[in-house]
Amino acid sequence: SACLVGSEMCIRDRVWEIACDTSRYPEWVENTLRVIHTDGPTRPGATMEELTRIAGPWKSVTRWRVTEFDPPRRQVQQGEGVSTAKNMAVIIELSPAGQDTNFTLTVRYTPRFGPVGALIDRAVRGFITRSQQRSARAFAALVARENSSS
């Protein structure tokens, strides 16, 4: 299985609120091209469907359900819809860091299709890892903009 992480420091105000606003994911989650459906802010059992860039031009509709919700520290969304991956999860974790908050965005999945899936995974893993890191930076920038405008 794979575990890909992006982490960034954020100003504490509004971090959890923004992390839970699924309608805003295209603003900071690099591979979320469009939210197709959302039940609103994340909460236990809430669902979301999005158009996701998997790698390069390859796109998929992915569906997510919140399976763990521990405000304002952690949420886990289980996903499906990527043909080459199973057991997909996105984990958002916040932890105090002085006056700021450490924001960690983790994607976990298991490649499908045995050795062929492992080859595909190796081909896209660097792309996904860099995307997670850019998404974490974009989230921190969004939080900073929101805090400066309020």
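The structure we're discussing is the one just above.
Residues numbered from 1 in each chain as written. Predicted model: local features only at pLDDT ≥ 70, side-chain atom pairs only at ≥ 80, totals over all residues. Heavy atoms only, no water.

1. Considerations on the nonpolar core
Within soluble globular proteins, side chains that are nonpolar tend to cluster in buried spots. Put simply, the rule reads: Residues belong to a common nonpolar core when they are buried Ala, Val, Leu, Ile, Met, Phe, Trp, Tyr or Cys residues joined through side-chain atoms within 4.5 Å. Each residue's exposure class comes from its accessible area (1.4 Å probe, protein chains only) as a fraction of the maximum for that residue type: buried when under 20%, exposed when over 50%, partly exposed otherwise. Under the scheme used here, helices are H or I runs from DSSP no shorter than 4 residues and strands are E runs no shorter than 2 residues, and both carry numbers assigned from the N terminus. Throughout, a contact is declared for two residues whenever any of their heavy atoms are within 4.5 Å.
By size, the foremost hydrophobic cluster in this structure holds 28 residues, and its most contacted members are Trp-28, Ile-92, Phe-103 and Phe-139. Within the residue set of this core, elements represented by two or more residues are α1 (15–20), α2 (25–28), β3 (47–55), β6 (85–97), β7 (100–111) and α3 (114–149). Discounting residues that sit within four places of it in the chain, Ile-92 has contacts with Ala-19, Tyr-25, Trp-28, Arg-73, Arg-74, Gln-75, Phe-103, Thr-104 and Leu-105.

2. Section: the packing of aromatic side chains
To describe a pair of aromatic rings, one takes the distance between the centres and the angle between the planes. Rules: For this analysis, a ring pair means two rings from Phe, Tyr or Trp (six-membered ring only for Trp) whose centres lie within 6.5 Å, classed as stacked if their planes differ by under 30 degrees, edge-to-face if by over 60, and tilted for the remaining angles.
Scanning all chains against the criterion turns up five aromatic pairs. Measuring from centroid to centroid gives 3.9 Å for Phe-103 and Phe-139, while their planes differ by 15°, and the two rings are stacked. Pair noted here: Phe-103 is in strand β7 and Phe-139 is in helix α3, with a separation of 36 residues, a long-range link. Note on accessibility: Phe-103 and Phe-139 belong to one class, buried. What links up through ring pairs into an aromatic cluster is the set Tyr-25, Trp-28, Phe-103 and Phe-139.

3. Brief notes about the pairing of β6
Using the following cut-off: Each pair of strands is called paired provided DSSP finds at least two bridges between the two strands.
The pairing of strand β5 (residues 74–80) with β6 spans six bridges and is classified as antiparallel. Paired with Gln-77 across the bridge in β6 is Val-90. Between β5 and the antiparallel strand that follows it, β6, lie four residues; Gly-81 among them carries a positive phi value of about 125°. Direction of pairing for β6 relative to β7: antiparallel, over a ladder of eleven bridges. Looking at β7, one finds that Glu-93 is bridged to Thr-104. Here β6 folds back onto β7, and the loop between the two strands holds two residues, one of which, Gly-98, carries a positive phi near 65°.

4. Considering empty space enclosed by the protein
As a reminder, the rule being used: In this analysis the probe radius is 1.4 Å and the grid spacing 1 Å, with only protein atoms considered; a cavity is a set of points the probe fits into but cannot get out of, a pocket is an open set with protein on both sides within 12 Å along at least five of seven lines, and lining residues have an atom within 4 Å of a point. Grid points are joined across faces, edges and corners, and a volume is the space filled by probe spheres set on the points. In this classification, the charged set is Asp, Glu, Lys and Arg, the nonpolar set is Ala, Val, Leu, Ile, Met, Phe, Trp, Tyr, Cys and Pro, and all remaining amino acids, among them Gly, are polar.
Inspection of the entire model under this criterion finds two cavities of 30 Å³ or more. Its volume calculated, the largest cavity comes out at about 520 Å³. Breaking the lining of the largest cavity down by element, the ones donating at least two residues are α2, β3, β4 (58–70), β6, β7 and α3. At eight residues, α3 tops the list of elements feeding residues into the lining of the largest cavity. Counted by class, the lining of the largest cavity contains 20 nonpolar, ten polar and four charged residues. If you trace the second largest cavity, you find it lined by Thr-22, Thr-38, Gly-40, Thr-42, Ala-46, Thr-47, Met-48, Trp-64, Arg-65, Val-66 and Gln-77. Elements with a minimum of two residues in the lining of the second largest cavity: β3 and β4. For the lining of the second largest cavity, the element with the highest residue contribution is β4, accounting for three residues.

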